[in-house]
Amino acid sequence: MSLTTIATIDLVAPLWLVACWVGYTLVADRPSGRPSLMTRMHQWRVVWMRSMLARDNRMVDVQIIGNLMRSVSFFASTSMFVIAGLVAILGARSEAMAVLGELPFAVDSPPLLWDMKVLLLIVVFVYAFFKFTWAYRHYNYCLILLGSVGPVTAIDARDEETAERAARIATSTARHFNHGIRAYYFGLATLSWFVHPWLFILLTAWVVLVLWRREFRSRLLRTLGEPRVPDGRTPS
């Protein structure tokens, strides 16, 4: 079995996934001045870190980051379980193809194409794993910055700069975490490739629309509003 014997649509489908994924990432992550969940939450993180400077006991800030770290750790561990399951499927191709063959509208896939589909899913979730673990490390660095801030009675310009840095690191952490979650969305869409390539293409486009609406047009974004620090300024 060679690539020339695989239907053209099955060769186009993964390219469509890459185009949608990369294209959306370039548009969503590029600074443009328009409101988004990422930009709005960065403003709230700036307010959070400035408020942290006024607290003598900063255990609440440590607990917040600890809860966020547990969420990231959960998804990183889940990614490993998914990868292990996909590797196991590679060794049980016949049984898995037999189960899939019972589904209505499922198209038959030659062994080479089947392995390509599984390998694509493995790549997607390996990418997600690396993003989650890097986000986890970011939170460790953020904790170190919090620990370096002096007592509330001795806050100086350097501590204020450290708070700004911590806010930027927290936002960078959220960006990597979002990339990992985004991989889950596209990974779930990729599952439909086992049923039909056209379904895969349609669901990939649908995922882009869902991600775009949640990031730029969601009710949550309107509810968050623009935060203001005690002096009345909007954080940048």
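Above this text sits the structure in question.
Residues numbered from 1 in each chain as written. Predicted model: local features only at pLDDT ≥ 70, side-chain atom pairs only at ≥ 80, totals over all residues. Heavy atoms only, no water.

Points about the overall build of the protein chain
Item 1. Of regular secondary structure, the protein chain possesses eight helices and zero strands.
Item 2. Along the chain direction, N to C, the helices and strands of the protein chain fall in the order α-α-α-α-α-α-α-α.
Item 3. For 236 residues, the compact-globule estimate of 2.2 N^0.38 gives 18 Å, and the C-alpha radius of gyration of the protein chain, at 22 Å, exceeds that figure by more than 25%.
Item 4. With the C-alpha coordinates aligned to their principal axes, the bounding extent of the protein chain is approximately 70 × 35 × 25 Å.
Item 5. Here the analysis covers contacts within the protein chain between residues at least 6 apart in sequence; of these, 81% occur between residues at least 24 apart.
Item 6. Carbon and sulfur atoms form 67% of the exposed surface of the protein chain, whose accessible area is close to 13200 Å². (Helix = DSSP H or I, 4+ residues; strand = E, 2+ residues; numbered from the N terminus. Rg over C-alpha atoms; globule rule 2.2 N^0.38 Å. Contact = heavy atoms within 4.5 Å. Areas by Shrake-Rupley, 256 points an atom, 1.4 Å probe, with all protein chains shown as cover.)

Here's the deal with the nonpolar core
Item 1. Grouped together as the largest cluster of nonpolar side chains are 53 residues, with contacts concentrated most on M49, F132 and F186.
Item 2. At the level of secondary structure, the elements contributing two or more residues to this core comprise α1 (8-29), α2 (37-53), α3 (59-91), α4 (93-100), α5 (111-148), α6 (157-191) and α7 (197-216).
Item 3. No other element matches α5, which puts 15 residues into this core. (Core = buried A, V, L, I, M, F, W, Y, C linked by side-chain atoms within 4.5 Å. Buried < 20%, exposed > 50% of the residue type's maximum accessible area, 1.4 Å probe, protein only.)

Digging into the pattern of salt bridges
Item 1. Throughout the structure, instances matching the rule amount to five salt bridges.
Item 2. Across the pair R50 and E164 runs a salt bridge, and its minimum N-O distance is 3.0 Å. With R50 in helix α2 and E164 in helix α6, the pair connects residues that are 114 residues apart, well separated along the chain.
Item 3. Relative accessible area serves as the criterion here: at 25%, R50 is assigned to the partly exposed category.
Item 4. According to the relative accessible area criterion, E164 is partly exposed, its value standing at 25%.
Item 5. Measuring nitrogen to oxygen at the nearest pair gives 2.7 Å for the salt bridge that ties R165 to E161. With R165 and E161 both in helix α6 and four residues apart, this pair spans about one turn of that helix. (Salt bridge = Lys/Arg side-chain N within 4 Å of Asp/Glu carboxyl O.)

A short note on a nonpolar patch on the surface
Item 1. A surface patch of nonpolar side chains, amounting to about 340 Å² of accessible area, comprises V18, V22, L26 and V27.
Item 2. Relative to the assigned elements, V27 resides in helix α1. (Patch = residues over 30% accessible without salt bridge, like charges linked within 9 Å, V, L, I, M, F, W, Y side chains within 5 Å.)

Regarding the environment of V149
Item 1. Tracing the backbone shows V149 in the loop between α5 and α6.
Item 2. Assessed through its relative accessible area of 8%, V149 is described here as buried.
Item 3. For the pair V149 and M52, spaced 97 residues apart in sequence, the C-alpha separation works out to 9.4 Å.

Details of a positive patch on the surface
Item 1. Among the surface-exposed residues, R213, R214, R219 and R222 lie close enough to one another that they form a single positively charged patch.
Item 2. Looking at the positive patch, the elements with two or more residues in it are α7 and α8 (219-224).
Item 3. Residue placement: R222 occurs in helix α8.
Item 4. Classification of R222 as exposed rests on a relative accessible area of 58%. (Lys, Arg positive; Asp, Glu negative; His and termini not counted. Charge placed at Lys NZ, Arg CZ, Asp CG, Glu CD.)

Quick word on α7
Item 1. Taking 1.5 Å per residue as the helical rise, α7 with its 20 residues ought to reach 28 Å, and the 29 Å between its terminal C-alpha atoms agrees with that figure.
Item 2. Taken together, the buried positions of α7 are occupied by P197, F200, I201, T204, V207, V208, V210, L211, E215 and F216.
Item 3. Of the surrounding secondary structure, the elements contacted by the buried residues of α7 are α1, α2, α6 and α8. (Expected span 1.5 Å × (residues − 1).)

Side note on the packing of aromatic side chains
Item 1. Counted under the stated rule, the structure contains 13 aromatic pairs.
Item 2. Here the aromatic rings of W114 and F194 are separated by 4.8 Å at their centres, their planes lie at 70°, and the arrangement is edge-to-face. One end of the pair, W114, is in helix α5; the other, F194, is in the loop between α6 and α7, and 80 residues separate them in sequence. Accessibility assignment for this pair places W114 and F194 in one class, buried.
Item 3. Measuring from ring centre to ring centre gives 5.2 Å for F125 and Y184, while their planes differ by 80°; the resulting arrangement is edge-to-face. Here F125, found in helix α5, pairs with Y184, found in helix α6; they are 59 residues apart in sequence, far enough to count as distant. (Phe/Tyr/Trp six-rings, centres within 6.5 Å; stacked < 30°, edge-to-face > 60°.)

Quick word on the side chain of S192
Item 1. Along the chain, S192 turns up in the loop between α6 and α7.
Item 2. By relative accessible area, S192 is classed as buried at 6%.
Item 3. When residues no more than four places from it in sequence are discounted, the contact partners of S192 are L199, F200 and L203.

So, the environment of Y136
Item 1. Locating Y136 in the fold gives a position in helix α5.
Item 2. According to the relative accessible area criterion, Y136 is partly exposed, its value standing at 32%.
Item 3. Separated by 50 residues in sequence, Y136 and L86 place their C-alpha atoms 24 Å apart.
Item 4. For Y136, the contacting residues outside a window of four places in its chain are M69, V72 and S73.

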